[in-house]
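Observations on the model geometry
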Amino acid sequence: MKIRTKIHLFTSLVILSILLITSLLISLLFYERSLSETKDILESQGDLILENHSSSELMTKRNDLLRPYVTDDGMIRIISPESQVINSAFKETNLKLMKPIFHVKEDFSREIVGNHKVMLYHLPINSDGHFVGSIEIAQNLDTLYDNMTLLMMILLGTTILAILLSFIAGRLLANILLRPISSMSQTMSDIQHSGEFIKIPILSRSKDELTMMTGTFNHMIGQLESNFEKQQQFLEDASHELKTPLTIVDSYTKLLKRWGSKEPAILSEAIDAIHLESQRMKDLINQLLAVAHDNEEVATEKIQLVPYCEKLIQPFIRSTQRMIMISSSAESISCYTDPPKLEQLLRILIDNAIKYSENEIHICIQKQKNIISITIKDEGVGIPADDLPHVFERFYRIDKSRHRATGGSGLGLSIAKSIAKSLRGTITVESIFGKGTNVQVNLPSIL
């Protein structure tokens, strides 16, 4: 069953139930109220008769005695203890057919006389402690039941009209509520068949939940499109990065097959080139694996940063013969972090500083409140201002013509940012083109 049909049925059934219950309550209240008013009128008539006439006067046969108290469609009569009618007055002749019965208790009763419903009120007449007779007051209830029938017809007509209006309103409401959902469903179907990322046009400026849902859907589609484009770009860039060293390896392999065994110089050159390109492919694959596993859990451990960094820079100093200086705001600065991840992060930054500068490199460690900052400073070529916002994007290279010389793949800073995020830290880059670059990593001292 469609949601639109469910809404129609649900709203119609709810409104029908409410109207039926309301009509029933109104009818019952009207009926009980009318009966109560009829009883009040009959009681008032009886009290008025007893106040204006003595018991002896009421027990005499005077037909004109009761006539002033008779209402329309009513009857009054005095009944003796022997159940004989002493006096009577009536405006409804059918009421004379009722059998007179003497009553010693005040009470009400309802009877059917012919096709008429009648309310009876019995009031005993007391004289010196003895019941000498009773007053019987009758009132025809046909008017009451006619009014009840009219009221029920009105309520029934109102209910039918309300159901029709509710059905129309429910249909309109369903269309309003389901329009964004239908549009979303159609858009999903179009995306499935066309393979394109399509957004739902937002026609309403209201800020209701449906408009918010449409906006969320469009935002999700935008993110999916962006991620898809990044994935495609990632695959293209990765393929391109791997294609170049593979081409070189393939070329030197063919060269070796032809001349390598006869020319020692060619053999040496080919081996060196193949080794270099295989190492570059290995580094690239390791970087790609690091990107793929950037959501691994962090294992925290307390470390002393100054000796940790001094140990870290020793292989760089020995292999590159470059000067790397460490300074700190205090002799002992400790933090809780994941040492292997932090080492990978700092290696990327130090390696970049060595590649793009020829002067000494400075590592500055500072602690302010609960934040520890590690800044790698170099006096190298720097980064142009236009390129700064893009340096953390995957495969982005500032000087694409030089990446083969430097060995860069454009993944380093992207991996560094991902590692910093996993360590609950941040990484920022400040650079002046031609003067140098400062990369600052901020980490919490307690994770």
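Starting afresh in each chain, residues are numbered from 1 along the sequence in its written order. Reporting of local features is limited, given that this is a predicted model, to residues whose pLDDT is at least 70; pairs of side-chain atoms are given and counted only at 80 or more, and all residues count toward the totals for whole chains, interfaces and linings. Side-chain calculation: all heavy atoms of the structure are included, whereas hydrogens and water are not.

**What to know about helix H6 (residues 305–320)**
For the record, the criterion: Helix numbering and strand numbering both begin at the N terminus, where a helix is a DSSP run of H or I of at least 4 residues and a strand a DSSP run of E of at least 2. Expected span, for any helix, means 1.5 Å times one less than how many residues it has. To get the bend at a given residue, fit one axis to the seven residues ending there, fit another to the seven starting there, and take the angle between those axes. Using a 1.4 Å probe on the protein chains alone, a residue whose accessible area is under 20% of its type maximum counts as buried, one over 50% counts as exposed, and one in between counts as partly exposed. By the convention used here, residues are in contact when the closest approach between their heavy atoms is within 4.5 Å.
Taking 1.5 Å per residue, 16 residues should reach 22 Å; H6 reaches 23 Å between its end C-alpha atoms and fits that length. The largest bend in H6 is about 30°, located at Ile313, with the proline Pro315 one to four residues further on. Along H6, the residues that are buried comprise Leu305, Val306, Tyr308, Cys309, Leu312, Ile313 and Phe316. Buried-residue contacts for H6 involve strand E6 (301–304), strand E7 (324–328), strand E8 (334–337), helix H7 (339–355), strand E9 (361–368) and strand E10 (371–378). Where H6 ends, the next residue or the one after it, Gln321, has phi of about 55°, a positive value.

**Describing the sheet that holds E7**
In plain terms, the rule: One requirement defines pairing of two strands: DSSP has to find at least two bridges between them. Axis lines are fitted to C-alpha atoms, over the contacting stretch for helices. Their N-to-C directions set the angle, which ranges from 0 to 180 degrees.
The mixed open sheet is built from 5 strands, whose spatial order is E7-E9-E10-E12-E11. In the strand order of this sheet, the two ends are held by E7 and strand E11 (426–432), each with one partner. Within the sheet, the average angular offset between the axes of one strand and its neighbour, ignoring direction, is 15°. Pairing of E9 with E10, which is carried by 7 bridges, proceeds in the antiparallel orientation. Among the inter-strand pairings, Ile365 is bridged to a residue of E10, identified as Ile374. Sitting on the sheet, H7 touches E7, E9, E10, E11 and strand E12 (436–444), and the angle it makes with E10 is about 25°.

**Some remarks on the sheet that holds strand E4 (residues 116–127)**
Pairing is antiparallel across the open sheet formed by 5 strands, whose spatial order is E2-E1-E5-E4-E3. Of all the strands in the sheet, just strand E2 (85–90) and strand E3 (107–113) have a single pairing partner and so form its edges. Sheet twist, expressed as the average angle between the axes of neighbouring strands with direction ignored, equals 20°.

**Considerations on the nonpolar core**
Formally: Residues belong to a common nonpolar core when they are buried Ala, Val, Leu, Ile, Met, Phe, Trp, Tyr or Cys residues joined through side-chain atoms within 4.5 Å.
Formed by 40 residues in total, the largest nonpolar core has its most connected members in Leu305, Leu342, Leu345, Leu349, Ile350, Ile376 and Ile427. Contributing elements (two or more residues each) for this core: H6, H7, E9, E10, helix H9 (412–422), E11 and E12. Top contributing element to this core by residue count: H7, with 8 residues. Beyond its immediate chain neighbours, meaning those up to four positions away, Ile350 contacts Leu312, Ile313, Phe316, Ile324, Ile361, Ile363 and Ile376. In this structure, Val70, Ile78, Ile86 and Leu144 belong to the second largest nonpolar core, which totals 22 residues.

**Looking at the packing of H6 against H7**
In a packed pair of helices, the relevant descriptors are the angle between the two axes and the axis-to-axis distance. In plain terms, the rule: For this classification, under 35 degrees means roughly parallel, over 145 means roughly antiparallel, 65 to 115 means roughly perpendicular, and everything else is oblique. Helix crossings get a hand from a simple test, with the near helix turned counterclockwise from the far one by less than a right angle marking a left-handed crossing and a clockwise turn marking a right-handed one. Any residue that is not Ala, Val, Leu, Ile, Met, Phe, Trp, Tyr, Cys, Pro, Asp, Glu, Lys or Arg is counted as polar, Gly included; the first ten are nonpolar and the last four charged.
The interhelical angle for the contact between H6 and H7, taken along N-to-C directions, is 45°, at an axis separation of 11 Å. Taken together, the axes of H6 and H7 are oblique relative to one another. Crossing hand, H6 versus H7: right-handed. For the pair H6 and H7, contact is made by Leu305, Tyr308, Cys309, Leu312, Ile313, Pro315, Phe316 and Thr320 and by Pro339, Leu342, Glu343, Leu346, Arg347, Ile350, Asp351 and Ile354, respectively. A breakdown of the residues in the contact of H6 with H7 according to their chemical character gives 12 nonpolar, 1 polar and 3 charged.

The analysis is restricted to geometry; functional conclusions fall outside its scope.
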